[in-house]
Amino acid sequence: MSHEIETLPARPAEAHALEVARGLPGTRIICTTAGRGQAARALAAERSPSSVTCWFLDLYQHGLAEAAWAEPPAGLAAACTADMPAGPHDLAVVPLSKDGEAELSRDILQQAMQNLAIGGHLVTAIDNPRDNWLREQLADTGETVRVRPAAGPRADTVAYAVTKTREVAKIRDFSCELVFRDRDRLLTAVTRPGVFAHRRIDPGARHLLNAVDVAPDTRVLDIGCGSGCVALGIAARDPSVHVHALDSSARAVECTRRGAEINGLTNLTVALEAGGHVPDPGTYDLVLANPPYYADFRIAELFVDAAWRALAPGGTLLVVTKQPTWYVDRLPQAWLDVAREEVKRYHLIEAVRP
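Residues numbered from 1 in each chain as written. Predicted model: local features only at pLDDT ≥ 70, side-chain atom pairs only at ≥ 80, totals over all residues. Heavy atoms only, no water.

Participant: How should the overall build of the protein be read in this particular structure?
Facilitator: In terms of regular secondary structure, the protein is built from 11 helices and 16 strands. On C-alpha atoms alone, the protein measures out to a radius of gyration of 22 Å, which is about the 20 Å that the 2.2 N^0.38 rule sets for 354 residues. Viewed in the frame of its principal axes, the protein has a C-alpha envelope of about 60 × 45 × 35 Å. By the burial criterion, 53% of the 354 residues in the protein qualify as buried. (Helix = DSSP H or I, 4+ residues; strand = E, 2+ residues; numbered from the N terminus. Rg over C-alpha atoms; globule rule 2.2 N^0.38 Å. Buried < 20%, exposed > 50% of the residue type's maximum accessible area, 1.4 Å probe, protein only.)

The following block contains the structure:
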């Protein structure tokens, strides 16, 4: 299995961006990736000495890339941070997907231009040969955009190269502060592109908050906290309640931490975590989760397994979902008192750890 991961080919947009980047100078290189950091690894192997950083927003993807690199070339590093590692870089390689979040793509492109040295180059590619959107974003920088159309096996992509000739004049702030009410208190959450859910409180999070009552001194775990609305709401109800929040997204962790600071919640802690590990496992009274729907319930299974390890015997798991069948079928195999309640197209699944 590890050999299969190591030889996984780059996705078309990343392969095209790498092809263009190979024709440009640079030894201080920053890359994003659509897969396992293939472009970053190739550039580090081909340019020695060089400093190549592959930047990830998600710790799980970061781990997959490091595993795939096996024995990485000298000068190659991976970083999982809320913002692009600071430059100056002289080459930035940014593959994008036509199905990606537009605001996140704009944010990443802006950060790449900000962190380039004057004279540095940005290379970006997208899996849409008829693209206009990405080209317009690059043109808005005021720099000359050079088009690099694909040929042969990469005819389904287009790449662009931009040389930075001056500092970025206009910096857009893509973050958002939103105010929401939980019971008798108004709370402020911080969201950013790439964080669930940006610029809004997710209805599933609202249903979780409405369904929960916590007793004093309760230990609560919020798995996959996103922007932190659920964790903030629960922590704000009683200072004796301790809430620990987890997410594999570095930006989600940053947003939740900032939310705790803004609202003065010293009883809320948050950690960047992709494996569901918590301090003091087996001591939590309540685990809350709003798992994503993709990945054929593999992520849901990770959340449930993490909840099992975290909860004390008799502790409760509460999940909100639009797809209850997997939980209703699987949880009774190991959990007690599994119950389901439907609320406005969402389903609240409750289960007790034996």
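Next, the rest of the story.
Participant: What is the right way to read the sheet that holds strand 13 (residues 284–289) from this model?
Facilitator: Sheet strands pair by backbone hydrogen bonding; their relative direction is either parallel or antiparallel. Across the sheet, seven strands lie side by side as 12-11-10-13-14-16-15; this open sheet has mixed pairing. Edge positions in the open sheet fall to strand 12 (268–272) and strand 15 (336–343), since each of these has one partner strand only. Shown here is a sheet whose adjacent strand axes are inclined to one another by a mean of 15 degrees, direction ignored. As paired elements, strand 10 (residues 219–223) and strand 13 share four bridges and run parallel to each other. In the sheet register, Asp222 faces strand 13, and the bridge partner there is Leu288. Against the sheet, helix 10 (residues 298–310) makes contact with strand 10, strand 13 and strand 14 (311–321), and its axis sits at roughly 155 degrees relative to strand 14, the strand it touches most. (Pairing = 2+ DSSP bridges. Axes fitted to C-alpha atoms, helices over the stretch in contact; angles between N-to-C directions. Contact = heavy atoms within 4.5 Å.)

Participant: Please clarify how the pattern of salt bridges should be interpreted in this entry.
Facilitator: Think of it this way: side chains of opposite charge can pair up when their charged atoms draw near. On inspection of all chains with the given rule, the structure shows 15 salt bridges. Here Asp107 makes a salt bridge to Arg251, at a shortest N to O gap of 2.9 Å. Linking Asp107 in helix 5 (residues 102–115) with Arg251 in helix 9 (residues 250–262), this pair joins segments that are 144 residues apart in sequence. For Asp107, a relative accessible area of 4% corresponds to the buried category. Using a relative accessible area of 1% as the deciding quantity, one classes Arg251 as buried. Among the salt bridges present, the one from Arg237 reaches Asp182, with a minimum N-O distance of 2.8 Å. Linking Arg237 in helix 8 (residues 229–237) with Asp182 in strand 8 (residues 176–182), this pair joins segments that are 55 residues apart in sequence. Judged by relative accessible area, Arg237 falls into the partly exposed class, the value being 22%. Judged by relative accessible area, Asp182 falls into the buried class, the value being 5%. Beyond isolated ion pairs, a larger network of salt bridges with shared partners links Asp83, Asp107, Arg192, Arg251 and Glu254. (Salt bridge = Lys/Arg side-chain N within 4 Å of Asp/Glu carboxyl O.)

Participant: Can you walk me through the nonpolar core in this structure?
Facilitator: In globular proteins that are soluble, nonpolar side chains generally tend to be buried together. Formed by 32 residues in total, the largest nonpolar core has its most connected members in Phe180, Val220, Ile234, Val243, Leu268 and Leu288. Of all the elements, helix 8 adds the most residues to this core, at seven residues. Once residues within four sequence positions are removed from consideration, Leu268 is found in contact with Ala231, Leu232, Ala235, Val243, Ala245, Thr256 and Ala260. The next biggest cluster of nonpolar side chains, apart from the first, holds 25 residues, and it includes Ala44, Leu91, Val93 and Val123. (Core = buried A, V, L, I, M, F, W, Y, C linked by side-chain atoms within 4.5 Å.)

Participant: In this structure, what is going on with the layout of surface pockets? I would like to understand it.
Facilitator: To find leftover empty space, one rolls a probe the size of a water molecule over the atoms. The calculated volume of the second largest pocket comes to roughly 480 Å³. Lining of the second largest pocket is provided by 18 residues; of these, Gln110, Gln137, Asp140, Thr141 and Lys170 occupy positions nearest its centre. Only helix 5 and helix 6 (133–139) provide two or more residues apiece to the lining of the second largest pocket. Looking at the lining of the second largest pocket, the element that brings in the most residues is helix 5, giving four residues. Per-class residue counts for the lining of the second largest pocket are seven nonpolar, three polar and eight charged. (1 Å grid on protein atoms, 1.4 Å probe; cavity = no way out; pocket = protein on both sides within 12 Å on 5 of 7 lines; lining within 4 Å. Points joined across faces, edges and corners; volume = space filled by probe spheres on them. Nonpolar A, V, L, I, M, F, W, Y, C, P; charged D, E, K, R; others polar.)

Participant: Help me out: how do you make sense of the environment of Ala334 in this one?
Facilitator: Take Ala334: it is sitting in the loop between helix 11 (325–330) and strand 15. Once the C-alpha coordinates of Ala334 and Arg353 are considered, the two residues, 19 residues apart in sequence, prove to be 7.9 Å apart. Apart from the residues lying within four places of it in its own chain, the contact partners of Ala334 are Trp308 and Pro354.

Participant: Just to check I follow, could you spell out helix 7 (residues 203–211) for this structure?
Facilitator: Counting along an α-helix, one turn takes 3.6 residues, and residues three or four places apart therefore face a common direction. Buried within helix 7 we find Gly204, Ala205, His207, Leu208 and Leu209. Elements in contact with the buried residues of helix 7: strand 8, helix 8, strand 13, strand 14, strand 15 and strand 16 (346–352). With a side-chain oxygen lying 2.9 Å from the backbone nitrogen of Gly204, the N-terminal cap of helix 7 falls on Asp202. (Polar contact = N/O pair within 3.5 Å; in protein donor to acceptor, adjacent residues only side chain to side chain.)

Participant: What is the right way to read the sheet that holds strand 2 (residues 51–56) from this model?
Facilitator: Across the sheet, seven strands lie side by side as 3-2-1-4-5-7-6; this open sheet has mixed pairing. Lying at the two open borders of the sheet, with one neighbouring strand each, are strand 3 (76–80) and strand 6 (145–149). Between one strand axis and the next, the sheet turns through 20 degrees on average, direction left out of account. Here strand 1 (residues 28–31) pairs with strand 4 (residues 89–96) via three bridges, running parallel. Paired with Ile29 across the bridge in strand 4 is Leu91. Along the sheet, helix 3 (residues 38–46) contacts strand 1, strand 2, strand 3 and strand 4; its crossing angle with strand 2, the most-contacted strand, is approximately 175 degrees. Taken strand by strand, helix 5 contacts strand 2, strand 4, strand 5 (116–126) and strand 7 (158–163), and its axis lies near 155 degrees from that of strand 5.

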